[in-house]
Amino acid sequence: MDRRFTRSEVERMIGVSRRELDYWTRLRLVLPRSRWGERFFNFQDLVALETIKRLSAHKVPARRIRLAITALETGLGEIRAPLSSLRVSTNGKQVVVHPQAAPGRPFEPLTGQFVLNFETSELARKVHTMASRSAEEWFELGMACDSCADSMEQAVEAYRRAVDAAPEWVEAHINLGTTLYQLDRMERALKEFAIAASLDPTNSLAEFNLGCVYEQLGHTDEAIKHLLRAIEISPALADAHLNVALAYEKRRDIQSVVRHLSLYLRYEPNGQWAEFARSRITRHRPTRLPSAASNKLTPFRRNR
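The structure contained in this document is the topic of the report that follows.

Definitions and cut-offs
Residues numbered from 1 in each chain as written. Predicted model: local features only at pLDDT ≥ 70, side-chain atom pairs only at ≥ 80, totals over all residues. Heavy atoms only, no water. Helix = DSSP H or I, 4+ residues; strand = E, 2+ residues; numbered from the N terminus. Buried < 20%, exposed > 50% of the residue type's maximum accessible area, 1.4 Å probe, protein only. Phe/Tyr/Trp six-rings, centres within 6.5 Å; stacked < 30°, edge-to-face > 60°. Salt bridge = Lys/Arg side-chain N within 4 Å of Asp/Glu carboxyl O.

1. Considerations on unusual backbone geometry
In step 1: At D184, a position not held by glycine, the phi torsion is positive, near 65°.
In step 2: Within the secondary structure layout, D184 lies in the loop between α8 (170-182) and α9 (186-199).
In step 3: Judged by relative accessible area, which is 58%, D184 ranks as exposed.
In step 4: Positive phi outside glycine occurs at R252, with the angle close to 55°.
In step 5: Here R252 shows up in the loop between α12 (238-250) and α13 (254-267).
In step 6: In this structure R252 comes out as exposed when scored by relative accessible area, which is 60%.

2. Quick notes on the packing of aromatic side chains
In step 1: Across all of its chains, the model carries four aromatic pairs by this definition.
In step 2: Ring centres of Y23 and F139 lie 5.3 Å apart, and the angle between their planes is 45°; this geometry places the pair in the tilted category. One end of the pair, Y23, is in helix α2 (residues 18-26); the other, F139, is in helix α6 (residues 135-145), and 116 residues separate them in sequence.
In step 3: Between W273 and F276, the aromatic rings sit 5.6 Å apart at their centres with planes inclined by 85°, giving edge-to-face as the arrangement.
In step 4: We classify F276 as partly exposed; its relative accessible area is 23%.
In step 5: Members of the aromatic cluster, each reached through a chain of ring pairs, are Y23, F139, Y159 and W169.

3. Regarding the pattern of salt bridges
In step 1: Per the stated rule, a full pass over the model turns up 13 salt bridges.
In step 2: Where R160 meets E192, a salt bridge forms, and the shortest distance between an N and an O atom there is 3.2 Å. Linking R160 in helix α7 (residues 152-165) with E192 in helix α9, this pair joins segments that are 32 residues apart in sequence.
In step 3: The salt bridge partner of R229 is E232, with a shortest N-O separation of 3.4 Å. Of this pair, R229 and E232 both sit in helix α11 (residues 220-233), three residues apart, which is roughly one turn of the helix.
In step 4: By relative accessible area, which is 26% here, R229 ends up partly exposed.
In step 5: Note on E232: relative accessible area 58%, which makes it exposed.

Dropping the structure here:
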């Protein structure tokens, strides 16, 4: 029971994607421990993830699950209500909790009302399918589509529907922008990231992605400005340190290059680009500049 599992192990055991796992962690539905640049999950996290996966399969958006748990923790007097200790069911619309003390009296946490005892039925699924999707459902449909090159256009449409239904939803704008970026629609991607940054000026991910797009468009000064803003908001955002170092290379600011590569290694000593960063630092110590053609950005970041 005390064993710790890495993200890769959890993905294989539970059958979820890295994108889903990071998104659910961001919503604090699970709380993995971080160490050595890796996240570790325990057995209770695995139980919670099984519950989230089951509810997601019944088209219950993860944000709705988070709201239900928050209601349990605050409005109904629960100090902590981990998913691993709850029996949860759904009819496709509501998230219903079956308390251990009174298993015959399930209730809906968002309203606090007791409901009829039920499990998901074929009729409920058919009715739910016929109903128009919510912003959360469009968002999660986008997440299901954007992992495959053949369904990227469907992902764009799904995220577009999500932002139409919820114009101030920052994460939806970020994911729409990321999908547009992958389709090489840079100007449209830039617009979505700019909207996200204006809606939430403290969102380091929006600033990071703005920096990446400006870099791809050849606007190095703008790229550096937004990458530094991302670092100001989240100093431990390792990829921002790496990318701003590569941008500084184009300006031949070697001191800044080495400083940010070193900071990348501080936060990701065993990360995907750690050896690359070490070799780059070594290469720059004789003050010899690499060719501009060797500059490559880290994989583009999306919302999780």
